[in-house]
Amino acid sequence: MVWIVVIATPVPVAPALLVVGVVLVLGRGTRWGLWWRFGVRPATGFERDKVCAAMVPIASLRGRRQPAVWVGRRMGGRDVVMATAHDLVLSDRFVTWVATGKLSEDETCAVVSHALGRQVVDSSALVASLGAYCGPWLIVDQVLGGLAAAAGRVPLAPFAWKVRWVVFGVAVVDCYLNQRWAAMVLVAVFAVLSWSTGFFAARWSVALERLGDRRVIAEGFGPTLATMLRRGSCGIAQQERAELLNQGRS
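In what follows, the accompanying structure is described. What you are looking at is a predicted structure, and each value in this text was computed from that prediction instead of being measured.

1. Some points on the sheet that holds strand E4 (residues 87–91)
Reading across the sheet, the four strands line up as E1-E2-E4-E3 and stay open at both edges, with mixed pairing between neighbours. Both outer strands of the open sheet, strand E1 (40–42) and strand E3 (80–84), are each paired with one neighbouring strand and no more. Neighbouring strand axes in the sheet, compared pairwise and without regard to direction, differ in orientation by 35° on average. As defined by bridge partners, strand E2 (residues 68–72) adjoins E4 across five bridges and the pair is classed as parallel. Residue alanine 68 lies in a different strand from E4, and its bridge partner there is aspartate 87. On the sheet, helix H3 (residues 31–38) packs against E1, E2, E3 and E4 and is oriented at approximately 130° with respect to E1. Strands in contact with helix H4 (residues 45–54) are E1, E2 and E4; relative to E2, the strand with the most contacts, it is inclined by about 115°.

Set out below in structure tokens:
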């Protein structure tokens with residue numbers, strides 16, 4: 001809906017936004033692109049030495065394949081991101097954990113290996129393009145996420161969401177009876193999206209998790225990551241994941 005409004009704006013606006021989007025996608029792996037995405041700064045010599053020493057067991061990151069180490073302020077809830085094949089972005093707290101020994105060498109390698117597995121997605125131009133296109137939705141989703149957390153404490157809020165199909169059904173029938181075909185199609189689309197958006201987002205999250213787990217297993221740190229999962233608040237799904245990591249399957 002946001003893009004429909006944008007396309008309808010005066011001629012200079014839509015092309016300008018398109019150019020900005022193309023520049024952001026193409027420059028995502030440059031230093032300013034990493035700053036835009038993660039708010040990075042170069043790791044200090046001490047930070048880099050500590051992190052690189054802890055990553056020595058990862059064979060694919062030794063020698064000339066050793067990545068540049070960045071420290072990011074905006075990590076989106078993640079502690080390690082392999083932003084490109086040559087750029088490793090770490091959160092401040094992760095660097096602190098490594099430098100102070102709160103994470104062992106194997107634990108550090110397990111987390112970094114998981115980020116390596118996701119690198120094909122995190123550095124993908126196609127994924128970045130889709131992310132730029134879905135930018136308006138991502139902003140709305142973040143706002144609604146905060147509102148949903150507050151609404152969840154209201155007794156009738158979850159019930160109101162569950163009965164949305166009745167509301168959508170009445171709206172579709174009303175549009176049909178009054179021959180408002182365009183409105184009927186839009187209501188039907190919104191009804192489907194109210195289910196499919198969350199469903200496919202969850203599937204995408206699982207797919208990314210499995211990508212990382214495969215790389216962790218390939219690097220030989222599956223049992224280490226399994227132990228880390230069980231040490232935290234581990235539900236049934238994470239228990240199953242830990243078991244697969246122990247068995248060398250993802």
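Picking up after the structure, the text goes on.
2. Looking at helix H5 (residues 92–99)
What sets the pattern is the α-helix's 3.6 residues per turn: residues three or four places apart point alike. Among the residues of H5, those classed as buried are Phe94, Val95 and Val98. Take H5 and look down its axis: the buried residues cluster within an arc of 100°, on one side only. Considering only its buried residues, H5 is in contact with H4, E2, E3, E4 and helix H6 (105–122). Just past H5, the residue glycine 101 takes up positive phi, approximately 80°.

Calculation rules
Residues numbered from 1 in each chain as written. Predicted model: local features only at pLDDT ≥ 70, side-chain atom pairs only at ≥ 80, totals over all residues. Heavy atoms only, no water. Pairing = 2+ DSSP bridges. Helix = DSSP H or I, 4+ residues; strand = E, 2+ residues; numbered from the N terminus. Axes fitted to C-alpha atoms, helices over the stretch in contact; angles between N-to-C directions. Contact = heavy atoms within 4.5 Å. Buried < 20%, exposed > 50% of the residue type's maximum accessible area, 1.4 Å probe, protein only. Arc of directions from axis to C-beta.

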